[in-house]
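In case you want the letters, here they are:
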Amino acid sequence: MLRVEDEQLVSLLKKRGLRITAQRVLILKTIASLGGHPSAEDIHRELPYMSLPTIYSNLKLFVKLGILKELSHGDAKSKYELFTSQHYHVICKSCGKIADLDYPHLKEVEHAAAQLTNFKVNSHFLGIYGICTTCQEQQQR
């Protein structure tokens, strides 16, 4: 679980030129408190008094401004995480669970791609798929 103070969230919104609203702070605070990679529906379950369209519109805005990262792999539902650092994901093909993988040597792939193609590489996506331990245990029953 990522510990984020309200002041940090307000500062993050201000840096992006966004109006500070209670809804925006609550959405970001909920994402941080849930940890992992919550979907809009997961956030809505925690904030049932906030409309789902409001949550979606703010999530889209946060992604556009680089506050959140949208992960649209796994179980076909977009999931979100605070954009903290470049890292990779391991995705369960059975339940859609996403786990973070921080492995710096994979950054060499960007360098190699740039060298081999003469592209100016600015990002890449690498998803590693498998079956999580929970799903493995259920399959063995």
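Scroll up a little and you will see the structure.
So, here is what we can say about the structure in this document. (Residues numbered from 1 in each chain as written. Predicted model: local features only at pLDDT ≥ 70, side-chain atom pairs only at ≥ 80, totals over all residues. Heavy atoms only, no water.)

Core analysis: the largest hydrophobic core is formed by 19 residues, its most contacted members being Ile27, Leu28, Leu59, Phe62 and Leu68. For this core, the elements supplying multiple residues, two or more each, are helix H1 (6-15), helix H2 (22-34), helix H3 (40-46), helix H4 (52-64) and strand S2 (79-82). Top contributing element to this core by residue count: H2, with five residues. The residues contacting Leu59, other than those within four sequence positions of it, are Ile27, Ile31, Ala40, Ile43, Leu68 and Tyr80. (Core = buried A, V, L, I, M, F, W, Y, C linked by side-chain atoms within 4.5 Å. Buried < 20%, exposed > 50% of the residue type's maximum accessible area, 1.4 Å probe, protein only. Helix = DSSP H or I, 4+ residues; strand = E, 2+ residues; numbered from the N terminus. Contact = heavy atoms within 4.5 Å.)

In spatial order, the strands read S4-S3-S5; together these three strands make up an open sheet with mixed pairing. Strands at the two margins of the open sheet, each flanked by one partner only, are strand S4 (98-101) and strand S5 (127-130). Adjacent strand axes in the sheet meet at a mean angle of 25 degrees, parallel and antiparallel pairs treated alike. The pairing of strand S3 (residues 88-92) with S4 spans four bridges and is antiparallel. Note on S4: the bridge partner recorded for Ile91 is Ile98. (Pairing = 2+ DSSP bridges. Axes fitted to C-alpha atoms, helices over the stretch in contact; angles between N-to-C directions.)

Moving on, we get to the side chain of Arg24. Checked against the element boundaries, Arg24 lands in helix H2. Judged by its relative accessible area of 14%, Arg24 falls in the buried class. Engagement of the side chain of Arg24 in a polar contact is seen with the backbone oxygen of Arg19, the distance being 2.8 Å. (Polar contact = N/O pair within 3.5 Å; in protein donor to acceptor, adjacent residues only side chain to side chain.)

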